[in-house]
Amino acid sequence: MTGPLMAYAADQLKERFTVHELWKAEDKAAALAELKDRVRGVAGGGAHIKIDGALFDALPKLEVVSNFGVGYDNVDAAEAGRRGLIVTNTPDVLTDEVADLAIGLLLATVRQLPQVDRYLREGKWLAGAYPLTTSLRKRKIGIVGLGRIGKAVAHRLEAFGVEIAYHGRSRQADVAYRYYPSLVEMAQDVDTLVSVAPGGDSTYRIINAEVLEALGPNGIVVNVGRGTVIDEPALIKALQDKTILSAGLDVFEDEPRVPAELIALDHVVLLPHVGSASVHTREQMGQLLVDNLKSWFDGKGPLTPVVETPWKKA
Ligand code: NAP
Ligand code: 8YV
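As the structure is a computational prediction, the values presented were derived from the model and not from experiment.

A. Looking closely at the layout of surface pockets. In this structure, the second largest pocket encloses a volume near 440 Å³. For the lining of the second largest pocket, the leading source of residues is strand 1 (residues 41-45), giving three residues. Grouping the amino acids of the lining of the second largest pocket by side-chain chemistry returns 14 nonpolar, four polar and two charged.

B. Main features of the pairing of strand 7 (residues 192-195). Here strand 7 shows no split at all, with Thr192 and Val194 on one side and Leu193 and Ser195 on the other all buried. Sheet topology note: the strand 4 (residues 140-144)/strand 7 ladder contains four bridges and is parallel. Looking at strand 7, one finds that isoleucine 141 is bridged to threonine 192. What joins strand 7 to strand 8 (residues 220-223) is helix 9 (residues 209-215), and the crossover it makes is right-handed.

C. Fine view of the domain arrangement of the chain. Per the domain assignment, the segments making up the chain are domain 1 (7-93 + 278-297) and domain 2 (95-270). Domain 1 and domain 2 are separated by 32 Å when their C-alpha centres are compared. Each side of the interface is counted separately: domain 1 has nine residues, and domain 2 has six residues. Of the roughly 610 Å² buried where domain 1 meets domain 2, counting both sides, 43% is carbon and sulfur surface. Across the contact surface, domain 1 and domain 2 share one salt bridge. Among the ionic pairs, aspartate 73 bridges to arginine 226, the shortest N-O distance being 2.9 Å. Between domain 1 and domain 2 we count four residue pairs in polar contact (both at pLDDT 80 or more) in total. Within the side of domain 1 that touches domain 2, the residues separate by chemical class into three nonpolar, four polar and two charged.

D. The arrangement of the site of ligand 2 in detail. Neighbouring residues of ligand 2: eleven residues in total, closest Val70, Gly71, Arg226, His273 and Ser276. Note that an oxygen atom of ligand 2 is positioned 2.7 Å from one of the side-chain N or O atoms of serine 276. Arginine 282 has a polar side-chain atom sitting 2.9 Å from an oxygen atom of ligand 2. Within the shell around ligand 2, the residues separate by chemical class into four nonpolar, five polar and two charged.

E. Structural view of the side chain of threonine 203. Assignment of secondary structure puts threonine 203 in the loop between strand 7 and helix 9. Those residues within four positions of threonine 203 in sequence are excluded, and the remaining contacts are Ala197, Pro198, Thr228 and Val229.

F. Representation of the sheet that holds strand 2 (residues 64-68) in the model. Judged by pairing direction, the sheet is parallel, and its three strands sit side by side in the order 1-2-3 without closing on themselves. Only two strands of the sheet have a single neighbouring strand rather than two, namely strand 1 and strand 3 (86-88). For this sheet, the mean inter-axis angle between neighbouring strands, taken without regard to orientation, is 20 degrees. Sheet topology note: the strand 2/strand 3 ladder contains three bridges and is parallel. Directly across from serine 66, in strand 3, lies its bridge partner threonine 88. Together, strand 1, strand 2 and strand 3 form the strand contacts of helix 12 (residues 279-297), whose direction differs from that of strand 2 by roughly 175 degrees.

Reading the values: rules and limits
Here the residue numbers are simple positions, counted from 1 along each chain's written sequence. As they are written, the chains are lettered A onward and the ligands numbered 1 onward, keeping that order. Residues qualify for local features only when their pLDDT is at least 70, as the model is predicted, and side-chain atom pairs are given and counted only at 80 or more; totals for whole chains, interfaces and linings, by contrast, use all residues. The basis for every side-chain value is the complete set of heavy atoms in the structure, and neither hydrogens nor water enter the calculation. In this analysis, the protein atoms alone were mapped onto a 1 Å grid. Cavities are point sets where a 1.4 Å probe fits without being able to get out; pockets are open sets with protein on both sides within 12 Å along at least five of seven lines; lining residues have an atom within 4 Å of a point. Grid points are joined across faces, edges and corners, and a volume is the space filled by probe spheres set on the points. Secondary structure elements follow DSSP: runs of H or I no shorter than four residues count as helices, runs of E no shorter than two count as strands, and numbering proceeds from the N terminus. Side-chain classes are defined by residue name, with Ala, Val, Leu, Ile, Met, Phe, Trp, Tyr, Cys and Pro counting as nonpolar, Asp, Glu, Lys and Arg as charged, and the others, Gly among them, as polar. Relative accessibility decides the category of a residue: with a 1.4 Å probe and only protein chains considered, values under 20% of the type maximum give buried, values over 50% give exposed, and everything between is partly exposed. At least two DSSP bridges between two strands are required for those strands to pair. Here a crossover is taken to be right-handed if, once the strands point away from the viewer, the path from the first strand over the helix to the second is traced clockwise. Annotation comment: domain bounds sourced from an automatic or database domain assignment. Throughout, a contact is declared for two residues whenever any of their heavy atoms are within 4.5 Å. Buried area: the accessible surface (1.4 Å probe) lost by two parts on joining, summed over both. Any carboxyl oxygen of Asp or Glu within 4 Å of a side-chain nitrogen of Lys or Arg constitutes a salt bridge here. Whenever two N or O atoms come within 3.5 Å, that pair is a polar contact, provided that in protein one can donate a hydrogen and the other can accept it, and provided that, for residues adjacent in sequence, both atoms are side-chain atoms. Nearness here has a simple test: a residue counts as near a molecule or strand if at least one of its heavy atoms is within 4 Å of that partner. Lines fitted to C-alpha atoms define the axes, with helix axes restricted to the stretch in contact, and inter-axis angles between N-to-C directions lie between 0 and 180 degrees.

The structure is reproduced here in structure tokens:
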């Protein structure tokens, strides 16, 4: 294990395998040298230890990496593929939970729910009503990354009667929403961006100053994908200058460190990466992580390999 896992998953791993807890080792290089010829699987997740070529070099007997999370930007999956290793992730089991959170965060941002809550607690209601807020009514929503979670967000948004469009590298065959190959053009036509795109090089800071400017002064940005998808300094500047209206963020570029400039702004809603963080869904994710490893070491192949490391039954 490269980082701590919930007991629900860690206990199952310990029942079936000999588990080494790498993140607990004071001298990780020494721990890896000692484990060199024994480690055949890695259970990883979060940003604790990067799972990349250096780790693969250190563990020559490695066969499989089972990642806790559908996003695996913490794993160099392309390098794993080149070496014939398998990487698995936890798709689908968290889709509804994260989509629910995205809708909650969107509503919280538009209707300023945390700010309104603070207003009451601070006794300000006694002096007068909270100022009127902006509204979801008549908003046009552009989803960045219309994959499993993006589609679940769009499906929920249909019930709110808002216009929906999306941007990604390719048009999705199974939806009728308007597709924009250009993110800037979509930002010009909508007033709300909901990002559910993965991290990594291809999405690095694609929501940049130009996109934020195109979104305009009524613009709201919600991000439940990865923090690296947004140019954070550009977002902070747009919020400070009020060239966009507001933002609701569950993910940040350098978690768990959140820029003080963002925390200082009262017109943003900030969550500590809790999209999938319910007991139910984290257990489902933990189970899939464990089941991928069990299936692999039972000789049945991985259950949910990532695209960079496909697996075909021999
Ligand atoms: P998915 O089904 O693979 O969807 C990802 C979508 O992003 C696809 O529609 C893909 O479409 C699009 N995309 C990929 N690269 C892109 C690029 N360079 N530019 C624009 N769009 C791009 O994955 P998912 O299951 O929906 O999960 C999405 C992400 O959500 C994860 O990778 C993870 O980072 C994040 N997540 C966050 C939380 C949380 O707690 N906040 C929880 C779970 C997941 P194209 O291939 O057509 O571009
Ligand atoms: C997890 C996530 O919180 O699945 C993902 O991609 O971002 C979240 O569900 C995270 O992976 C746990 O480290």
